[in-house]
Structures are given as C-alpha cells and as structure tokens.
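If you want the building blocks of each chain, they are given just below.
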Amino acid sequence: MVVPIGAFIAVSAILFFIGVAGVLVRRNAVVILMCVELMLNATNLALVAFSRRAGLADERGSVFVIFVFVIAAAEVAVGLAIVLSAYRNRPTVDVDEVHALKG
Amino acid sequence: MTYDLIGAVLFALLTIGIVAAAAGVVLINRITAAALFMAFAFLCNAGMFVLLGAETIAMFQVLIYVGAITVLILYGVMFTPQSERAYGLFFQQQKWLAAILVAPIGVAVGMLSFSFRDTGRPLAGGGDLVALATSVFRDFAFPFEIASVLLLAAMIGAIVLVKRDED
C-alpha cells in the first residue's frame, strides 16, 4: 500500500496548526519567526504532495515551492533585522512589550 | 510490496519526527533547543519530499532551511537576550475555550485532507530535476527573475535596517 496523498496533506495540516498555535502563543519574536517558518514548511509539503500525486505531468507545484523558499529566506532576513533594530531601540524581544505602533 | 511497507514505516517515523519537533518548538522554553528542534522538523520534511519523489526539492530544503535559515535564526538567538518570563500568555488562561474552538476546525480540515485522492499518475523515474528545471526556466522564467530581484531587495533592506546610524 503506497502512502495516500491524504496522509501527506493531513501531516501538512497538523504542522500548519502547530505553527499557528506557536505564533499565537509565544511571546519571543524569534520564536514567532520560527513558527512562521514551520507554517511555510507545511505549505511546501502540501504543494509537493499535490504536485507529485495529483497534478498533471509536470512540476508546477514544486516550482511554487522554490518561490516559497525565496520568500522564506527574504522574510527571515528582514524579520530578524526588524527584531534586532527593535531590540536596539528598546531592549526587549518580547512582542507584548513592543507596542510603539499601538494607538 | 516490501518497498511499499518500508515507505509506510518511513512515513510514520517522519510524521512522528515532524509533529514532535514542531511541538517542541512551540512548547520548549529554551530558545536554542527550540531552534534545533525547528531544524529537525525541516530535516524530517526533507525526508517527506524524498518519500514523495521530489529529490531536488528535498536537496533545496536541506540547503536553504536546514542550512541557511537555521543558522540565521541561531544568529538572531545569539544577538537577542532571552528573558526568563513565562513563555506563553494565551493558553494559560483560555486553554479549554481554545480547544473547544479549534476542535471542529481540526475535524473539518482532517476530513478535507483525507478527501483528496491520488489521480493514479505513475511517478516518473529518474527524479524530478528535469521536469522541475523545464518548468522553472521555461514557463516561470520571468517570475523566477522577479523572485531573485525580490531576494536582493530584501537583503539590502535587512542590511539597511540593522546598520547603525553614524552621525
């Protein structure tokens, strides 16, 4: 029995749920970035599963995975830069304490 | 038949690895351990890609996620202080309400996940590199270039953001 596509999609959904929970629960900005990366990985898994198992005879889904890699690299670089510069202005990485934009 | 059995066993092991490592990222208070758990989750995800027959994507996953992004995150951990406060806020007070709200969504998503079926297309032999390269450099050549410009702009933006003001 080959592992069906539904199992891969279910793992992807579980990973995405855990990532969302981490973004909502954790306070540390770096950990929130990690959880965003987990969510992007979950979408990658779903894209590859659909591309390999349910698509046409090409790899279009996997091409979007490459774009997600690019976006993830850009996101984590800019996110860490924002965290570091916020830390420089106000020595905390706790997102509850960073409320300069709060009205 | 034995190959299918090995595939199923590998899938089960990788699933346990991904879920446990991701739960570790969310639940563990020590941030360096969380970063290493995140790297392990990425590695298990690369194994999933190999299981799906996308070896090239798995290689990129190891290079970019397990290599570059984990190192970047670890540098971020190194440059910021880690306080000893309670790590979470939300679950401590509204755990049951959250569980009640999430459970129906989880059931719906699970049913949707298992409603997809394989379309029976046989896996192409010899890996996915040729098909992937054909797609990237023929059908998606222009978006690929746009993505590279975006990455360059993001890196320059990151440098500008963390540059110290020299008066």
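Residues numbered from 1 in each chain as written. Chains lettered and ligands numbered in written order. Predicted model: local features only at pLDDT ≥ 70, side-chain atom pairs only at ≥ 80, totals over all residues. Heavy atoms only, no water.

Attention now moves to the domain arrangement of chain B. Residue and element names in this part refer to chain B. Under the domain assignment used here, chain B contains domain 1 (1-81) and domain 2 (96-167). Taken together, the six residues of domain 1 in the interface contact five residues of domain 2. Taken together, the two surfaces of domain 1 and domain 2 that pack against each other cover about 380 Å², and 58% of this comes from carbon and sulfur. Among the residues domain 1 hides against domain 2, the three largest losses belong to Glu55, Thr56 and Ile57. Together they make up 67% of the total. (Domains from an automatic or database assignment. Contact = heavy atoms within 4.5 Å. Buried area = accessible area lost by both parts, 1.4 Å probe.)

Grouped burial of nonpolar side chains is what soluble globular proteins tend to show. In terms of nonpolar packing, the biggest core is built from 60 residues, with Phe8, Val30, Met34 and Leu38 of chain A together with Met48, Ile57 and Ile73 of chain B touching the most fellow members. Elements that contribute at least two residues to this core include exactly α1 (5-25), α2 (29-53) and α3 (60-89) of chain A together with α1 (2-27), α2 (31-51), α3 (55-79) and α5 (129-139) of chain B. Mapping this core onto the domain boundaries places at least three of its residues in each of domain 1 (1-81) and domain 2 (96-167) of chain B. In this structure Phe8 of chain A touches Val3, Leu45, Ala49 and Arg53 of chain A together with Phe11, Met48, Leu51 and Leu52 of chain B, once residues within four positions along its chain are discounted. (Core = buried A, V, L, I, M, F, W, Y, C linked by side-chain atoms within 4.5 Å. Buried < 20%, exposed > 50% of the residue type's maximum accessible area, 1.4 Å probe, protein only. Helix = DSSP H or I, 4+ residues; strand = E, 2+ residues; numbered from the N terminus.)

Attention shifts here to the interface of chain A and chain B. Contacts between chain A and chain B engage 74 residues on the former and 80 residues on the latter. Here chain A packs against chain B, burying approximately 6700 Å² in sum over the two surfaces, 74% of which is carbon and sulfur. The interface formed by chain A and chain B holds zero salt bridges in total. At the surface where chain A touches chain B, the tally comes to eight residue pairs in polar contact (both at pLDDT 80 or more). (Salt bridge = Lys/Arg side-chain N within 4 Å of Asp/Glu carboxyl O. Polar contact = N/O pair within 3.5 Å; in protein donor to acceptor, adjacent residues only side chain to side chain.)

Looking now at the environment of Thr15 of chain B. Within the secondary structure, Thr15 of chain B is located in helix α1. Residues in contact with Thr15 of chain B, not counting those within four places in the same chain, are Val11 of chain A together with Met48 of chain B. Only 2.7 Å separates the side chain of Thr15 of chain B from the backbone oxygen of Phe11 of chain B, close enough to count as a polar contact.

Where α3 of chain A contacts α3 of chain B, the two axes come as close as 10 Å, and the packing angle between them is 5°. One element, α3 of chain A, and the other, α3 of chain B, form an angle in the roughly parallel class. Facing Ser62, Val65, Ile66, Val68, Phe69, Ala72, Ala73, Val76, Ala77, Leu80, Leu84 and Tyr87 of chain A of α3 of chain A, the residues of α3 of chain B in contact are Ile57, Phe60, Gln61, Ile64, Tyr65, Ile69, Leu72, Ile73, Gly76 and Phe79 of chain B. Considering only residue class, the contact of α3 of chain A with α3 of chain B consists of 19 nonpolar, three polar and no charged. (Axes fitted to C-alpha atoms, helices over the stretch in contact; angles between N-to-C directions. Parallel < 35°, antiparallel > 145°, perpendicular 65-115°, else oblique. Nonpolar A, V, L, I, M, F, W, Y, C, P; charged D, E, K, R; others polar.)

Quick look at α3 of chain B now. For α3 of chain B, spanning 25 residues, the distance from its first C-alpha to its last is 35 Å, which sits close to the expected 36 Å at 1.5 Å a residue. Roughly 30° is the biggest bend found in α3 of chain B, and it falls at Thr70 of chain B. Along α3 of chain B, the residues that are buried comprise Thr56, Ile57, Ala58, Gln61, Tyr65, Ile69, Thr70, Ile73, Gly76 and Val77 of chain B. Its buried side turned inward, α3 of chain B meets α2 and α3 of chain A together with α2 and α5 of chain B. (Expected span 1.5 Å × (residues − 1). Bend = angle between axes of the 7 residues up to and from the residue.)

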